[in-house]
Amino acid sequence: MKYMLACNWDKALLEGAEGTEAKSLFGGIPNSFIPGGRASVLIPEVNKEYVEDYVKECHDKDLEFTFLMNGSCMDNLEYTRKGYHSIMRELEWISGIGVDRVVITLPFLIELVVKHFPNLKVEVSSYQKIDSVTRAKRFEDMGVGAIMLSEHVNRNFKLLEGIRKGVDCEIILLGNLGCLYGCPSLFSHANLQAHASQAGHCTEGFVADGYILNCTTQRLINPVEFIRTRWIRPNDVHYYEEIGIDAIKIIERQCTTEALLKRLGYYSQQKYTGNLIDLLGQMPNRKNYLPANSPYLMREEFANVIQLLKRLSVLDKVSLADLIYVDNEKIPQDFLDYFKKVDCHLLSCEECRYCYEIAEQAISTDEKLEEVREKFKMIKDDFVMGKVF
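Residues numbered from 1 in each chain as written. Predicted model: local features only at pLDDT ≥ 70, side-chain atom pairs only at ≥ 80, totals over all residues. Heavy atoms only, no water.

> Outline empty space enclosed by the protein, listing residues and values.
Throughout the structure, instances matching the rule amount to two cavities of 30 Å³ or more. Looking at the largest cavity, its volume works out to about 440 Å³. In terms of lining, the largest cavity is formed by 31 residues, of which the most central are R38, S126, Y127, E151 and L174. Of all the secondary structure elements, the ones that give two or more residues to the lining of the largest cavity are α7 (186-195) and α8 (210-221). Considered class by class, the residues forming the lining of the largest cavity number 15 nonpolar, nine polar and seven charged. The computed volume of the second largest cavity comes to approximately 50 Å³. Residues belonging to the lining of the second largest cavity are distributed by class as follows: five nonpolar, five polar and two charged. (1 Å grid on protein atoms, 1.4 Å probe; cavity = no way out; pocket = protein on both sides within 12 Å on 5 of 7 lines; lining within 4 Å. Points joined across faces, edges and corners; volume = space filled by probe spheres on them. Helix = DSSP H or I, 4+ residues; strand = E, 2+ residues; numbered from the N terminus. Nonpolar A, V, L, I, M, F, W, Y, C, P; charged D, E, K, R; others polar.)

> Break down the layout of surface pockets for me, with residues and values.
Roughly 860 Å³ of volume is contained in the largest pocket. Surrounding the largest pocket, 30 residues form its lining, L42, R286, L312, L315 and D316 being those nearest its centre. Here the lining of the largest pocket takes five residues from helix α12 (residues 305-316), the largest share from any one element. Broken down by class, the residue content of the lining of the largest pocket amounts to 20 nonpolar, six polar and four charged. For the second largest pocket, the calculated volume is near 280 Å³. Forming the walls of the second largest pocket are S313, V314, K317, V318, S319, D322, L323, D366, K368, E371, V372 and K375.

> Help me get a handle on helix α3 (residues 81-96), residues and values and all.
In this model α3 runs 23 Å from its N-terminal to its C-terminal C-alpha over 16 residues, within 8% of the 22 Å that 1.5 Å per residue would give. Those residues of α3 that fall on the buried side of the exposure criterion are G83, S86, I87, M88, E90, L91, W93, I94 and S95. Buried residues belonging to α3 abut α2 (48-60), β3 (64-69), β4 (101-104) and α4 (107-116). Directly after α3, the chain includes G98, whose backbone phi takes a positive value near 90 degrees. (Expected span 1.5 Å × (residues − 1). Buried < 20%, exposed > 50% of the residue type's maximum accessible area, 1.4 Å probe, protein only. Contact = heavy atoms within 4.5 Å.)

> Can you explain the pattern of salt bridges? Please cite residues and give values.
Taken as a whole and assessed by the stated rule, the structure comprises 26 salt bridges. Close ionic contact of E151 with K129 constitutes a salt bridge, the shortest N to O distance being 2.8 Å. Taken together, the positions of E151 in the loop between β6 (146-148) and α6 (157-166) and K129 in the loop between β5 (121-124) and α5 (133-141) put the pair 22 residues apart, joining distant regions of the chain. Using a relative accessible area of 8% as the deciding quantity, one classes K129 as buried. K137 is the partner of E140 in a salt bridge, and the nearest nitrogen-oxygen pair spans 3.3 Å. Note that E140 and K137 are positioned in helix α5 at a spacing of three residues, about one turn of the helix. In this structure, a network of salt bridges that share partners links the residues K23, R101, K121, E123, E170 and K249. (Salt bridge = Lys/Arg side-chain N within 4 Å of Asp/Glu carboxyl O.)

If you want it as structure tokens, here you go:
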């Protein structure tokens, strides 16, 4: 299996990834005209000269570099004269510095790259939520070279096999996602991230991410969510190799180099024996994450900064891995065999109960969980009641 590793722009990450199972690094810059899939507050600040040098060093170490322009919305600016020319200038720069591939969500941007920049391989973003053979084939017919499927199809083996047979391009899956299965905020959260990374947007990069707060609160209330989430364990990579999946992505871009390289090591060895939460993206866990790009938060015109930071400081101190332990060794080695027989799209989780059974044997909780859960509920309510605004 080939692996694609999130890039936090640390040169030490390049040193650590050299000579490993990593095929490429993927990253983007904050406050870009073509937005990305993560808010600017989460991404280390780098200039274009640094990016150019970083891409060169990637190639020196026999690693490809994938540039992310995977925002799910551009405020319709892509269909304006100014927007079109700004996009083309951005693409000319990306193409000119030797980037190998680009990850795109918007079909119009895909068309631009395919027509004007044939040296750039196009990968369709997971934000397109491709979940059928027909949709995958339509994007392949547009000229893309790779498709990242919806992260929520990782356990739908009949579908994965059908898509693999139906297209010739690369098929990529997200390995260590932490998103709620069936999340009601799926598309809204994608748009929030896009606008929070978009240069020229009216919010100027400011974001108070209530969606991730909602998801985290749901996990604290009901830890079975950690089992229902469609992660791929390092131990289970062989299931996807047998289907013919080409690569697995390892996130998050705001993680420390140490955390990213550890995750790469576990997936390369196809073995992990610890707390599964430590592997997953979008999990509050300060030891695994870089400091926030805080200037994007200090915007009194958008929120009561004192009230906002007071609540964010609570989140910043929480590590879900200290409160909830998902023992990977207590999850059966044949865990995924069940999903080869059952279609989760056709059942409610309460009717099925399989993940609940696994949770009972694999999950233990700390005595402080109830206290933290109540704090998260209060903070969530404070957003709804407008106390941070």
